[in-house]
Amino acid sequence: MLLQCAYCHKSFSVAKVTQTRGKGIGAQIQCPKCQAWLGRHKSLTVGKIAGFYIAAFAGVAGYFMDNVMHIVTPTIILGVILVGVMHIMDHLILIEAPEDASSQDI
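The rules behind each value
Residues numbered from 1 in each chain as written. Predicted model: local features only at pLDDT ≥ 70, side-chain atom pairs only at ≥ 80, totals over all residues. Heavy atoms only, no water. Pairing = 2+ DSSP bridges. Helix = DSSP H or I, 4+ residues; strand = E, 2+ residues; numbered from the N terminus. Salt bridge = Lys/Arg side-chain N within 4 Å of Asp/Glu carboxyl O. Buried < 20%, exposed > 50% of the residue type's maximum accessible area, 1.4 Å probe, protein only. Axes fitted to C-alpha atoms, helices over the stretch in contact; angles between N-to-C directions. Parallel < 35°, antiparallel > 145°, perpendicular 65-115°, else oblique. Left-handed = near helix turned anticlockwise from the far one by under 90°. Contact = heavy atoms within 4.5 Å. Nonpolar A, V, L, I, M, F, W, Y, C, P; charged D, E, K, R; others polar. Core = buried A, V, L, I, M, F, W, Y, C linked by side-chain atoms within 4.5 Å. Expected span 1.5 Å × (residues − 1). Arc of directions from axis to C-beta.

### Observations regarding the sheet that holds strand 5 (residues 37-40)
Spatial strand order, 3-4-5-6: 4 strands in an open sheet with antiparallel pairing. Single-partner strands in this sheet number two, and they are strand 3 (20-21) and strand 6 (92-96). The pairing of strand 5 with strand 6 spans 4 bridges and is classified as antiparallel. Each bridged residue has a counterpart across the sheet, and for Gly39 the counterpart in strand 6 is Ile93.

Have a look at this one:
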């Protein structure tokens, strides 16, 4: 899988990432080409996770409960739409620019 740096706009492989900091949703990686620290939008990531669980719980509720399909079906659809939209919008953002930006050929 290739990622694109928000600072130098060059693509790099996930396998090339050697420097990381933080854990979970707030984890950050360092671009191997320009040394900029990159991360994800926390609110978009939380929205993506919430949409997935909303759709999953609605599907389980619809499977085990009778006469709730008029509520479950739109809830599953909206949950999947939420996941899709958040996934499209969720890109790496620049957290911290490299210290020596003058020597970078961008």
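### As for the pattern of salt bridges
Evaluated as defined, the whole model comprises 2 salt bridges. Close ionic contact of Glu96 with Arg21 constitutes a salt bridge, the shortest N to O distance being 3.0 Å. Taken together, the residues span a long stretch of sequence, with Glu96 in strand 6 and Arg21 in strand 3 at a distance of 75 residues. Judged by its relative accessible area of 31%, Arg21 is partly exposed. Put simply, Asp90 and Lys48 hold a salt bridge, and the shortest N to O gap is 3.3 Å. In this pair, Asp90 is assigned in the loop between helix 2 (69-89) and strand 6 and Lys48 in helix 1 (residues 42-64), connecting sequence segments 42 residues apart. Residue Asp90 is classed as buried on the basis of its relative accessible area, which comes to 7%.

### Description of the environment of Ala56
The topology assignment puts Ala56 in helix 1. Note: C-alpha distance between Ala56 and Val80 (24 residues apart in sequence) is 9.3 Å.

### Comments concerning the packing of helix 1 against helix 2
Running from N to C, helix 1 and helix 2 point in directions that differ by 155°, and their axes come no closer than 8 Å. Judged on the interaxial angle alone, helix 2 and helix 1 are roughly antiparallel. The two elements helix 1 and helix 2 meet at a crossing, and its hand is left-handed. Contact residues: helix 1 offers Leu44, Gly47, Lys48, Gly51, Phe52, Ile54, Ala55, Ala58, Gly59 and Gly62, while helix 2 offers Met69, Val72, Thr75, Ile76, Gly79, Val80, Leu82, Val83, Met86, His87 and Met89. Here the contact of helix 1 with helix 2 is built from residues that sort into 13 nonpolar, 7 polar and 1 charged.

### Here we look at the nonpolar core
The biggest cluster of nonpolar side chains holds 12 residues, and these are Leu3, Cys5, Tyr7, Cys8, Phe12, Val17, Ile29, Cys31, Cys34, Ala36, Leu38 and Leu92. Ignoring anything within four residues of it in the chain, the contact list for Leu3 reads Lys10, Ser11, Phe12, Val14, Ile29, Arg40 and Leu92.

### Observations regarding helix 2
If you check helix 2, its first and last C-alpha atoms are 30 Å apart, about what 21 residues at 1.5 Å a residue would give, namely 30 Å. Buried within helix 2 we find Val72, Gly79 and Met86. The buried residues of helix 2 occupy an angular sector of 70° when the element is viewed end-on, so they sit on one face. Away from its buried face, by an angle of more than 90 degrees, helix 2 presents the exposed residues His70, Leu78, Val80 and Ile88.

Without other data, these values stay purely geometric and don't point to any function.
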